[in-house]
Amino acid sequence: MNSTEKLIDGSDARTEVLARRGPVPEPAPRRPRVGTRVPARVRILGWLLFVMALAMLAVGVAVRTILLADVERDTAVALEQEIGEFSEFAATGRDPDDGLPFGNVADLLQLHLQRQYPDDDEILFGYTDRLLRQERSGPGDLVADAAVVSAIVDSPDSVGSTQTSEGEVVWAKQVAEPSGGGQAGTFAIGILVDRERADVSDTVRVVIGVSLMALLFTGGIAWVVAGQILAPVRLVRRTAAQITTDDLSRRIEVDGRDDVAELADTFNDMLDRLESAFAAQRQFVDDASHELRTPITIVLGHLELMGDDPREREETVRLVTDELDRMNRIVEDLLLLAKAERPDFVHKQPVDLETLTRDIDAKVRALADRDWILGHVGTGSVRVDPQRVTQAVLQLAQNAVSHTGPGDRIVVGSELALDRVLLWVSDTGPGVSSEDAPTIFERFARGTSASPRSDNGGAGLGLSIVRAIADGHHGAATLDSRPGAGATFGLDLPAR
């Protein structure tokens, strides 16, 4: 196989290119997910209920502790009050029969017991050589239990507690000595605290029951609210699952101004960038395949028909070289337009407009033999990318050259007004028709009113590049033309 056949055989050429590039790297495998997936709504509800349960448990423990402390305090106060009343009665009391102080302790105890009205959980009794009791026997008639009476009377302490058949009894006692001598007696009071503690337990159970109802009610509300809050997140997930490279137009409806709405806005912005990137990629592939098909066909056709005649071979090589050069220009322009979609396409910096305009004027004069005129020159500092602006104006100047002849006038100028910087190129060519004006800045657009000398082998991408540079500056590419009266192409950019 000779060199010509190798050029025609696309498979060999592709194999050679792939060999130079090396092996294509395989995509990195996705990391497997570890553990069971738990929905965010369930996690939020679980943590909320867990924290609330801990808080309610703490409240229940605190309530029980406080109520038990109140029981202990109230019991101590009640015992102290009863003992104090007996001590006062013993010191100041008079026998109702003779009006004199009591000489018999048993009579003193009996009279004091008759004047008391114990609560349901209290027991009162006196003791000398025998048990003195009240008509109201108290809880479970504990006074009749000799073991209980003996435990209280025989104890060396003045206060204490005793376990009984009815539960724990906290007691206090006071020994009374007769003023005239004789046998001493003991006054005792006991309170059955287990009944008070049972009331505390009932109260705690009520608190726990109410807390559980509040927990269930709060859980239901939290479930509904979490669902409403996470609805945009679920919508983001469903939308992301439905998006393919063929349909990137789906967006999320944003309602509200909270963090979730901001997430939806950010996701929509990301979709905008992805759609723009995919559109640019598809357009690049479509444009490249459309525009490169013709020169490739021409090159292959000439190589297939090339004979052995040296003159014919020289002519074929010249034509092939010219087509390859044109293909190279098309590819470079398409790559530049694809790069225009990137955020770093334009690098703005402070530039003196007068200096920039005069530099551009010096460069355009080398494009062709035309009557170049430097028109109005703006003055002041502007913030633009000087290289991209120069590239755009040179494209406009080249476009003017392609539509004019030797000696025709072309004017280059600039102006700074109201925070806008304007740069333009005017020519005396055939102008642009009203039918072509709306699409003149599109890719591969060619005016129908162009003169024969405007066909310079370009691919129709120059004005598209100008518009891309203007868009990169958040400006616009402008056109002012009338058929037969020339055209003025320009850039309208923000100066700051």
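So, how was this worked out
- Residues numbered from 1 in each chain as written.
- Predicted model: local features only at pLDDT ≥ 70, side-chain atom pairs only at ≥ 80, totals over all residues.
- Heavy atoms only, no water.
- Helix = DSSP H or I, 4+ residues; strand = E, 2+ residues; numbered from the N terminus.
- Buried < 20%, exposed > 50% of the residue type's maximum accessible area, 1.4 Å probe, protein only.
- Contact = heavy atoms within 4.5 Å.
- Pairing = 2+ DSSP bridges.
- Axes fitted to C-alpha atoms, helices over the stretch in contact; angles between N-to-C directions.
- Patch = residues over 30% accessible without salt bridge, like charges linked within 9 Å, V, L, I, M, F, W, Y side chains within 5 Å.
- Areas by Shrake-Rupley, 256 points an atom, 1.4 Å probe, with all protein chains shown as cover.
- Salt bridge = Lys/Arg side-chain N within 4 Å of Asp/Glu carboxyl O.
- Expected span 1.5 Å × (residues − 1).
- Parallel < 35°, antiparallel > 145°, perpendicular 65-115°, else oblique.
- Left-handed = near helix turned anticlockwise from the far one by under 90°.
- Nonpolar A, V, L, I, M, F, W, Y, C, P; charged D, E, K, R; others polar.
- Core = buried A, V, L, I, M, F, W, Y, C linked by side-chain atoms within 4.5 Å.
- Bend = angle between axes of the 7 residues up to and from the residue.
- pLDDT = per-residue confidence, 0-100.
- Phe/Tyr/Trp six-rings, centres within 6.5 Å; stacked < 30°, edge-to-face > 60°.
- Lys, Arg positive; Asp, Glu negative; His and termini not counted.
- Charge placed at Lys NZ, Arg CZ, Asp CG, Glu CD.

**So, the overall build of the protein**
From N to C terminus, the protein includes 11 helices and 12 strands. When burial is assessed residue by residue, the protein has 35% of its 496 residues classed as buried. Restricting to contacts in the protein with at least 6 residues of sequence separation, those with at least 24 account for 62%.

**Thoughts on the sheet that holds strand E11 (residues 476–481)**
Reading across the sheet, the 5 strands line up as E7-E9-E10-E12-E11 and stay open at both edges, with mixed pairing between neighbours. At either margin of the open sheet sits one strand with a lone partner, and together these are strand E7 (371–374) and E11. When the angles between neighbouring strand axes are averaged without regard to direction, this sheet yields 15°. With 4 bridges joining them, E7 and strand E9 (residues 409–417) adopt parallel strand pairing. Across the sheet, the residue bridging to Leu-374 is Val-412, located in E9. Packing of helix H9 (residues 353–364) onto the sheet brings it into contact with E7, E9 and strand E10 (420–427), and relative to E9 it is tilted by some 165°.

**Points about a nonpolar patch on the surface**
Together, Trp-47, Phe-50, Val-51, Leu-54, Leu-57 and Val-61 line one region of the surface with nonpolar side chains, adding up to about 650 Å² of accessible area. Position of Val-51 among the secondary structure elements: in helix H3 (residues 40–92).

**Overview of the pattern of salt bridges**
Enumeration according to the criterion identifies 10 salt bridges in this entry. A salt bridge links Arg-197 to Glu-168, with the shortest nitrogen-to-oxygen separation between them at 2.8 Å. In this pair, Arg-197 is assigned in helix H6 (residues 193–242) and Glu-168 in strand E4 (residues 167–176), connecting sequence segments 29 residues apart. You can call Arg-197 partly exposed: its relative accessible area is 25%. Judged by relative accessible area, which is 15%, Glu-168 ranks as buried. Between Glu-315 and Arg-318 there is a salt bridge; the shortest N-O distance is 2.5 Å. Placement of both Glu-315 and Arg-318 in helix H8 (residues 310–339) is noted, with a separation of 3 residues, approximately one turn of the helix. Among the residues examined, Glu-315 registers a relative accessible area of 36% and is labelled partly exposed.

**Let's talk about the sheet that holds strand E1 (residues 122–127)**
Taken together, 5 strands build an open sheet; the order of strands is E2-E1-E5-E4-E3 and the sheet is antiparallel. The two strands at the open ends of the sheet, each matched to only one other strand, are strand E2 (131–133) and strand E3 (159–164). Ignoring strand direction, the axes of neighbouring strands in this sheet form an average angle of 30°. Here 6 bridges tie E1 to strand E5 (residues 185–192), and the two strands are oriented antiparallel to one another. Following the sheet pairing, Leu-124 is matched in E5 by Ile-189. The sheet strands contacting helix H5 (residues 146–153) are E1, E2, E3, E4 and E5, and the helix crosses E1 at an angle near 70°.

**Focus: helix H10 (residues 386–402)**
Here H10 is 17 residues long and its end C-alpha atoms lie 24 Å apart, about the 24 Å a rise of 1.5 Å per residue gives. Counting buried residues in H10 gives 12 out of 17 residues, a clear majority hidden from the surface. Residues of H10 that are buried include every one of Pro-386, Arg-388, Val-389, Thr-390, Ala-392, Val-393, Leu-396, Ala-397, Asn-399, Ala-400, Val-401 and Ser-402, and no others.

**Considering the packing of H9 against H10**
In the contact formed by H9 and H10, the axes pass within 10 Å of each other and the chain directions differ by 40°. Comparing the axis directions of H9 and H10 gives the class oblique. The handedness of the crossing between H9 and H10 is right-handed. Residues Leu-356, Ile-360, Lys-363 and Val-364 of H9 pack against Pro-386, Val-389, Thr-390, Val-393, Leu-394 and Ala-397 of H10. Looking at side-chain class alone, the contact of H9 with H10 contains 8 nonpolar, 1 polar and 1 charged residues.

**Looking at unusual backbone geometry**
Positive phi outside glycine occurs at Asp-419, with the angle close to 60°. Checked against the element boundaries, Asp-419 lands in the loop between E9 and E10. In the Ramachandran plot, His-474 falls in the positive-phi region, its phi being about 60° despite a non-glycine side chain. Position of His-474 relative to the elements: it lies in the loop between helix H11 (462–472) and E11. Overall, His-474 belongs to the exposed group, its relative accessible area being 63%.

**Notes on the nonpolar core**
What tends to happen in soluble globular proteins is that the nonpolar side chains get buried as a cluster. Formed by 42 residues in total, the largest nonpolar core has its most connected members in Val-384, Val-389, Val-421, Phe-489 and Leu-491. Broken down by secondary-structure element, the contributors of at least two residues to this core are H8, H9, strand E8 (381–384), H10, E9, E10, H11 and strand E12 (487–494). No other element matches H10, which puts 7 residues into this core. When near neighbours in sequence (up to four residues on either side) are disregarded, Val-384 contacts His-347, Lys-348, Gln-349, Val-351, Leu-356, Val-389, Val-421, His-473, Leu-493 and Pro-494.

**Comments concerning H6**
In this model H6 runs 70 Å from its N-terminal to its C-terminal C-alpha over 50 residues, within 8% of the 74 Å that 1.5 Å per residue would give. The largest bend in H6 is about 45°, located at Leu-230, with the proline Pro-232 one to four residues further on. Taken residue by residue, H6 has Val-193, Val-200, Val-204, Ser-211, Leu-215, Gly-219, Ala-222, Ala-226, Gly-227, Leu-230, Val-236 and Thr-239 as its buried positions.

**A look at the confidence of the model for the protein**
Taken as a whole, the protein shows an average pLDDT of 79; of its residues, 81% reach a score of 70 or greater. The low-confidence segment residues 450–457 (pLDDT under 50) makes 15 contacts with residues lying over four places distant or belonging to another chain.

**A look at the packing of aromatic side chains**
Taken as a whole, this structure holds 3 aromatic pairs when the rule is applied. With a centroid separation of 6.0 Å and 85° between ring planes, the pair formed by Trp-47 and Phe-50 is classed as edge-to-face. Of this pair, Trp-47 and Phe-50 both sit in helix H3, separated by 3 residues, roughly a single helical turn. Accessibility expressed as a relative area gives 59% for Trp-47, which makes it exposed. Relative accessible area serves as the criterion here: at 45%, Phe-50 is assigned to the partly exposed category.

**Comments concerning a positive patch on the surface**
A contiguous patch of positive charge, built from Arg-37, Arg-43, Arg-237 and Arg-238, is present on the exposed surface. As for its placement among the helices and strands, Arg-43 is situated in helix H3.

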